[in-house]
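Observations on the model geometry
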Amino acid sequence: MYFVANWKMFGNYKSINTLNKVIKFSKSKAIKKGRLIYCPPYTLISSFFKKFENCLIDLGAQNCHESEDYGSHTGFINSKMIKSTGANYVILGHSENRKKGESDQLINTKIKNAIKAKLKVIFCIGETLIEKKKKKTKAVLSKQIKLGLKKIKISSNIFIAYEPVWSIGTGDIPKSIELEKTVQFIKKKFKGKPPKILYGGSVNTENIKDLKKITILDGFLIGGASQNSKKFIDIVKKTYN
Ligand code: PEP
C-alpha cells in the first residue's frame, strides 16, 4: 500500500524536525508493507531528501511545469529539475491546479515529460459536487483519463489518485459502496493491467477504518492529516490493523 503525503503550501525549515517520528516508524516492523512518499513544497524537497538519507521514505513534488527543457519560465520548475533533487514522484492534475485553469491537454503534456524525466506520476482525477449531483461522475472521470493519459503507455510509472473534489479538505468521503464501484469503473478503463489506484480526500485517523476495507485500493493520497506525523503514522498503522 502507498501512503502519499501531500503537504500542499504548508511547512518551513522547522517542519523537518517533525519527521523524526516518521523516520523511526519507517524503520520499524509496524510499517508492514506500507510505502511512504512525501510531497512537500518545492522549497523543502532537498532538505527532506537529506533527512530521509538512511530510510526508505520516498519523495515527490506537487506539480511541475510542462516543458521538457529548461527555459525562460520565471517561477517554475520542470520535471528534470524535480528529478535532480532526488525526488522520484510528481503529483499532476490535482483539482486545486485544475481549478486554476490547468486543462486535460496541459496535464497530458506534463505527464509525458515527467515520465521522460523518469519520475513516477500520481495523476489526480475527480468530479466536483455539481458533477456528482448531475450524475456525471463516470463521464468526467472517463474524459480526464482519456485526455490526460492520451498516447501514454500505462506502466508502473503511473498511479491514479481518485480524489472527488467535494471530498478534499471537507471531511466528507464517498460511501464505501460508491467508492468501490468508482474504483472498479476506473480500473475497467484500462485494457491491460490497470495502474495502481489511490483514494484521496479527507482521509483521517477515523475514516481509515472504513476506507481500508476497500481492498481494491492500492493506497491513499493524504493532504491535511499528513502534515501531522502522529496522524500520518496512525493512518498507516490502522490500515494494517
Ligand atoms: C489532497 O489535496 O490531495 C487531499 C487529499 O487533501 P485532504 O486529505 O486534506 O482532503
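Residues numbered from 1 in each chain as written. Predicted model: local features only at pLDDT ≥ 70, side-chain atom pairs only at ≥ 80, totals over all residues. Heavy atoms only, no water.

So, on to the pairing of strand β4 (residues 89-92). For a regular strand, side-chain orientation follows a simple rule: the groups alternate between the two sheet faces. Where burial is concerned, the two faces of β4 agree: the one with Y89 and I91 and the one with V90 and L92 are both buried. Summarising the sheet, strand β3 (residues 58-61) and β4 pair through two bridges and their orientation is parallel. Within β4, the residue paired with G60 across the bridge is Y89. For the crossover that starts at β3, traverses helix α3 (residues 79-84) and ends in the parallel β4, the hand is right-handed. (Buried < 20%, exposed > 50% of the residue type's maximum accessible area, 1.4 Å probe, protein only. Helix = DSSP H or I, 4+ residues; strand = E, 2+ residues; numbered from the N terminus. Pairing = 2+ DSSP bridges. Right-handed = clockwise from strand over helix to strand, strands pointing away.)

Structurally, the position occupied by S79 is in helix α3. Ignoring anything within four residues of it in the chain, the contact list for S79 reads C64, H65, N113, A114, A117 and L119. (Contact = heavy atoms within 4.5 Å.)

Looking at where K175 falls in the secondary structure, it is placed in the loop between β6 (158-162) and α8 (176-188). By relative accessible area, K175 is classed as exposed at 58%. Counting along the chain gives 41 residues from K175 to K134, while the straight-line C-alpha distance between them is 17 Å.

Further remarks concern the site of the ligand. Near the ligand there are 13 residues, and of these K8, H94, E163, G169 and S202 occur at the shortest range. In the environment of the ligand, an oxygen atom lies 2.9 Å from a nitrogen or oxygen atom belonging to the backbone of G223. Out of a free accessible area of 290 Å², the ligand has 96% covered by protein chains. Split by residue class, the shell around the ligand holds three nonpolar, seven polar and three charged. (Near = heavy atom within 4 Å. Polar contact = N/O pair within 3.5 Å; in protein donor to acceptor, adjacent residues only side chain to side chain. Areas by Shrake-Rupley, 256 points an atom, 1.4 Å probe, with all protein chains shown as cover. Nonpolar A, V, L, I, M, F, W, Y, C, P; charged D, E, K, R; others polar.)

Moving on to helix α10 (residues 229-240). A rise of 1.5 Å per residue sets the reference length of α10, with its 12 residues, at 16 Å; its end C-alpha atoms lie 17 Å apart and thus fit the reference within 8%. For α10, the full list of buried residues reads S229, F232, I233, I235, V236 and T239. The buried side chains of α10 occupy one side of the element, clustering within an arc of 155° when seen end-on. Packed against the buried residues of α10 are β1 (2-6), α1 (20-26), β2 (35-39), α9 (208-211) and β8 (219-222). (Expected span 1.5 Å × (residues − 1). Arc of directions from axis to C-beta.)

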